[in-house]
Amino acid sequence: MIEIRHLHALIALAETGNLSKAGRRLHLSQPALSHQVKSIETHLGVPLFERKSSPLRLSPAGERLLGAAHEIVKQMRQCERDVARIAEGKAGQLRIAVECHSCFDWLMPAMDEFRIAWPEVEMDLVSGFQPDPTGLLIENQADLVIVSKAPPREDVVYHPLFRYEVLALLAHQHPLTRKSHLTAQDFAKETLITYPIPDDRIDLVREVLAPLGVNPVRRTAMLTVAILQLVASQRGVAAMPGWAVQPYLERNYVAHRPVRKSGLFSQLNAATTRTLAGTAYMREFIATMKKVSFDSLKDITAVSADGR
């Protein structure tokens, strides 16, 4: 087989023109270097140099292999540098999966800011609905997942981003707007409009409705703006993070009320593997997400590392 050492030998011979100089550059004796050249020629079945030429001249086969040798050695050196930077926590890949479309409003600016400071980190978005977002980490299909629910899972670390209130959203003409807050029973006879995600990832259902056995008629929509349009058209009600719908509330597009007298609160987390959590670039990206979210979103509060 042709090995990297053989390619280095070919390059040295082509650049120096004789066995003696090439041997000194590679710290090899002339017999050892000759043996390497012979092994390549035996493997390929063609001579690499024109015999009895001084300085050494490559054959057509040798010229072709030399071109490949330069490219392969260049790629290997770059790979070694990349691996070294990864080991130092300065490079790597960052595949991000997001369970809510509204997150893109602050996630994209965070990615742009991070990319300027960490150009060596390759960033990508894992698209499509994911029934098990944190499972993507275990299966090595994502490096960071943004989720609201944070169940304990082996080798998964959750990094709290911020806490927020989930608000009930109603058409201005809806009779429930006469109430100061909504209870579970208020949703019983309504059509509940949600994203197409499992119930255990919908705060209203998991925390308020399901414990009391309330199961309203459902309708789903992929986009936040579509959910709000349906609410405004009196096709149903919704419950969404206040930060995600703040621009629409400021324009008085729909009405909103607290869920329960004490409110319904949740938090957003960044989930990573335990190994990636210790890298410098992952720590920096999580810090950047927090900074950008607090700079751009209203009515969110900080969450300590222990989740309080």
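Identification of the protein as HTH-type transcriptional regulator MetR from Prosthecobacter fluviatilis is taken from an unreviewed UniProt entry. Of the comments in the UniProt record for the protein, the one headed Sequence similarities (unreviewed entry) reads "Belongs to the LysR transcriptional regulatory family." Reading the Subcellular location (unreviewed entry) entry of the UniProt record for the protein gives the comment "Cytoplasm".

A. Spotlight on the overall build of the protein. Each helix and strand counted, the protein has eleven helices and twelve strands in total. Against the globule reference of 19 Å for 308 residues, the protein gives a C-alpha radius of gyration of 30 Å, more extended than a compact globule. If one aligns the C-alpha atoms of the protein with their principal axes, the spans along those axes are about 100 × 35 × 35 Å. Across the 308 residues of the protein, 46% fall into the buried class. Within the protein, the 33 negative side-chain charges are centred at a point lying 1 Å from the centre of the 37 positive side-chain charges.

B. View of the environment of Gln 267. Position of Gln 267 among the secondary structure elements: in strand β11 (residues 264-273). We classify Gln 267 as buried; its relative accessible area is 18%. Considered as a pair, Gln 267 and Thr 301 are 34 residues apart in the sequence and their alpha carbons are 9.1 Å apart.

C. Broad picture of the packing of helix α5 (residues 104-117) against helix α11 (residues 280-296). With their axes 9 Å apart at the nearest point, α5 and α11 run at an angle of 130° to one another. By the angle class used here, α5 and α11 are oblique. Crossing handedness for the pair α5 and α11: right-handed. Between α5, through Trp 106, Leu 107, Pro 109, Ala 110, Met 111, Glu 113 and Phe 114, and α11, the contact on the second element is made entirely by Tyr 281, Glu 284, Phe 285, Thr 288, Met 289, Lys 291, Val 292, Ser 293 and Ser 296. Its residues assigned to classes, the contact of α5 with α11 shows ten nonpolar, three polar and three charged.

D. Spotlight on the packing of aromatic side chains. Taken as a whole, this structure holds eight aromatic pairs when the rule is applied. Taking the centre distance of 5.7 Å and the plane angle of 85° together, the rings of Phe 162 and Trp 243 count as edge-to-face. Of the two residues, Phe 162 sits in strand β6 (residues 156-170) while Trp 243 sits in helix α9 (residues 242-250), which places them 81 residues apart along the sequence. With relative accessibility at 6%, the residue Trp 243 sits in the buried group.

E. Focus on the UniProt feature "domain: HTH lysR-type" (unreviewed entry) in the protein. Residues given the UniProt feature "domain: HTH lysR-type" (unreviewed entry) here are residues 2-59. Taken end to end, residues 2-59 is 62% helix and 7% strand, and its first and last C-alpha atoms sit 18 Å apart.

F. View of the packing of helix α1 (residues 4-16) against helix α2 (residues 19-26). At a minimum axis distance of 8 Å, the contact between α1 and α2 shows a crossing angle of 130°. The angle between the axes of α1 and α2 places the two elements in the oblique class. The two elements α1 and α2 cross, and the hand of that crossing is right-handed. Counted together, His 8, Ala 9, Ala 12, Leu 13, Glu 15 and Thr 16 of α1 and Leu 19, Lys 21, Ala 22, Arg 25 and Leu 26 of α2 form the full contact between these two elements.

G. Main features of the nonpolar core. Counting residues in hydrophobic clusters, the biggest one holds 65 residues, and the most contacted among them are Trp 106, Leu 144, Ile 146, Leu 169, Trp 243, Phe 285 and Met 289. It is β6 that contributes the most residues to this core, eight residues altogether. Counting residues in each nonpolar core, the second largest holds 17 residues, with Ala 12, Ala 22, Leu 33 and Ala 69 among its members.

H. View of the pairing of strand β7 (residues 191-194). Strand direction decides the pairing type here: β7 and strand β8 (residues 217-220), joined by four bridges, are parallel. Bridge pairing in β8 places Thr 194 opposite Thr 220. Read as a crossover between parallel neighbours, the route from β7 over helix α7 (residues 203-209) to β8 is right-handed.

I. Quick peek at a nonpolar patch on the surface. Residues Ile 2, Leu 44 and Val 46 make up a contiguous nonpolar surface patch of about 190 Å² in total accessible area. Mapped onto the fold, Leu 44 is located in helix α3 (residues 30-44). On the basis of relative accessible area, Leu 44 is assigned to the partly exposed category, the value being 38%.

J. Highlighting the pairing of strand β5 (residues 144-147). Covered by surrounding structure in β5 are Leu 144 and Ile 146 together with Val 145 and Val 147, the residues of both alternating faces. Here strand β3 (residues 92-98) pairs with β5 via three bridges, running parallel. Directly across from Val 98, in β5, lies its bridge partner Ile 146.

K. Structural view of the confidence of the model for the protein. A residue-level look at the protein finds 94% of positions with pLDDT of 70 or above and a mean pLDDT of 89. Summarising per-element confidence for the protein, the mean pLDDT is lowest in helix α4 (residues 60-87) (84) and highest in strand β10 (residues 255-258) (98).

Definitions and limits used
- Residues numbered from 1 in each chain as written.
- Predicted model: local features only at pLDDT ≥ 70, side-chain atom pairs only at ≥ 80, totals over all residues.
- Heavy atoms only, no water.
- UniProt positions renumbered as here; feature names shortened; annotations may be inferred.
- Helix = DSSP H or I, 4+ residues; strand = E, 2+ residues; numbered from the N terminus.
- Rg over C-alpha atoms; globule rule 2.2 N^0.38 Å.
- Buried < 20%, exposed > 50% of the residue type's maximum accessible area, 1.4 Å probe, protein only.
- Lys, Arg positive; Asp, Glu negative; His and termini not counted.
- Charge placed at Lys NZ, Arg CZ, Asp CG, Glu CD.
- Axes fitted to C-alpha atoms, helices over the stretch in contact; angles between N-to-C directions.
- Parallel < 35°, antiparallel > 145°, perpendicular 65-115°, else oblique.
- Left-handed = near helix turned anticlockwise from the far one by under 90°.
- Contact = heavy atoms within 4.5 Å.
- Nonpolar A, V, L, I, M, F, W, Y, C, P; charged D, E, K, R; others polar.
- Phe/Tyr/Trp six-rings, centres within 6.5 Å; stacked < 30°, edge-to-face > 60°.
- Core = buried A, V, L, I, M, F, W, Y, C linked by side-chain atoms within 4.5 Å.
- Pairing = 2+ DSSP bridges.
- Right-handed = clockwise from strand over helix to strand, strands pointing away.
- Patch = residues over 30% accessible without salt bridge, like charges linked within 9 Å, V, L, I, M, F, W, Y side chains within 5 Å.
- Areas by Shrake-Rupley, 256 points an atom, 1.4 Å probe, with all protein chains shown as cover.
- Salt bridge = Lys/Arg side-chain N within 4 Å of Asp/Glu carboxyl O.
- pLDDT = per-residue confidence, 0-100.

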